[in-house]
Amino acid sequence: YYFVMFFPDVWGYELFEGYMPKSLWNNNAGITFVSDYEGYKGRSDYAENTSGGYYAARLPIIEKLAAMRKQASVLVIRFVTDEYACPLGVFVCRESVRKAMSSAPVKFSSREEMLAYVKGVTLKMFSYDISEILKRSMLLNNIKSQTKLSSFSPEPDSD
């Protein structure tokens, strides 16, 4: 299961992969998350934590942004459940995200509204509160803390 969130900002990409209990890669009682991130300048090393899935999920996102002639910061949260019993390779990641990119998007009026929606869906589907994951997100922390040039321009007159 993939949740792909686009934020109107410069390029950035972060993937969190969560392995549910009793899934192929997690024998623990709790969910286990790993992540990798890149900022505007890209990566200089291999995404060790999420490996090939990082690049496989990233490709259809880049294809979509190129087709739209836009850039964005993109946060992806993947949940791997016990339904995924036989790993078939990173093409599954690529094609799953490609399918998501071809679906009609759900649009939100604010970042907070989108994050609240994803929190609600993941809580309902997986009984998991992703608040801690969102707090750990380097991409979200950069978006929140980066001063924008527009913040230095005066407000337009209301006259």
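Keep in mind the model is a prediction, meaning the values are calculated, not measured. (Residues numbered from 1 in each chain as written. Predicted model: local features only at pLDDT ≥ 70, side-chain atom pairs only at ≥ 80, totals over all residues. Heavy atoms only, no water.)

### Regarding the pairing of strand β4 (residues 73-80)
Logical step 1: By the criterion of burial, β4 is predominantly enclosed, with 8 of the 8 residues buried.
Logical step 2: Here β4 shows two buried faces, one formed by Ser73, Leu75, Ile77 and Phe79 and the other by Val74, Val76, Arg78 and Val80.
Logical step 3: Note that strand β1 (residues 2-7) and β4 share 6 bridges and pair antiparallel. Paired with Tyr2 across the strands is Arg78, a residue of β4.
Logical step 4: In this sheet, β4 lies alongside strand β2 (residues 12-19) in parallel orientation, the contact comprising 8 bridges. (Buried < 20%, exposed > 50% of the residue type's maximum accessible area, 1.4 Å probe, protein only. Helix = DSSP H or I, 4+ residues; strand = E, 2+ residues; numbered from the N terminus. Pairing = 2+ DSSP bridges.)

### A look at helix α3 (residues 111-126)
Logical step 1: End to end, α3 covers 22 Å across 16 residues, agreeing with the expected 22 Å (1.5 Å per residue, within 8%).
Logical step 2: Considered for burial, the residues of α3 that qualify are Met114, Leu115, Val118, Thr122 and Phe126. One side of α3 carries all its buried residues, which in axial view fall inside an arc of 95 degrees.
Logical step 3: Looking at the buried residues of α3, the elements they touch are β1, β4, α4 (131-136) and α5 (138-145).
Logical step 4: Looking one or two residues beyond α3, the residue adopting positive phi is Ser127, at roughly 50 degrees. (Expected span 1.5 Å × (residues − 1). Arc of directions from axis to C-beta. Contact = heavy atoms within 4.5 Å.)

### Details of the packing of aromatic side chains
Given two aromatic rings, one states the distance between the centres and the angle between the planes to describe the pair.
Logical step 1: Scanning the entire structure with this criterion turns up 12 aromatic pairs.
Logical step 2: Ring centres of Phe3 and Phe79 lie 6.1 Å apart, and the angle between their planes is 85 degrees; this geometry places the pair in the edge-to-face category. Taken together, the residues span a long stretch of sequence, with Phe3 in strand β1 and Phe79 in strand β4 at a distance of 76 residues.
Logical step 3: Site record: aromatic cluster; members linked through ring pairs are Tyr1, Phe3, Phe16, Phe33, Phe79, Phe126 and Tyr128.
Logical step 4: Here the guanidinium or amino end of Arg43 rests over the ring plane of Tyr54, the centre of that ring lying 5.3 Å away. (Phe/Tyr/Trp six-rings, centres within 6.5 Å; stacked < 30°, edge-to-face > 60°. Lys NZ or Arg CZ within 6 Å of the ring centre and 35° of its normal.)

### A word on the nonpolar core
Logical step 1: With 21 residues, the main nonpolar core has Met5, Phe7, Leu75, Ile77, Phe79 and Ile130 as its most contacted residues.
Logical step 2: For this core, the elements supplying multiple residues, two or more each, are β1, β3 (32-38), β4, α3, α4 and α5.
Logical step 3: The biggest single contributor to this core is α3, with 4 residues.
Logical step 4: The contact partners of Met5, leaving out residues within four places of it in the chain, are Ser73, Val74, Leu75, Ile77, Met114, Leu115 and Val118.
Logical step 5: Listed in part, the 16 residues of the second largest apolar core include Leu15, Ile61, Cys93 and Val97. (Core = buried A, V, L, I, M, F, W, Y, C linked by side-chain atoms within 4.5 Å.)

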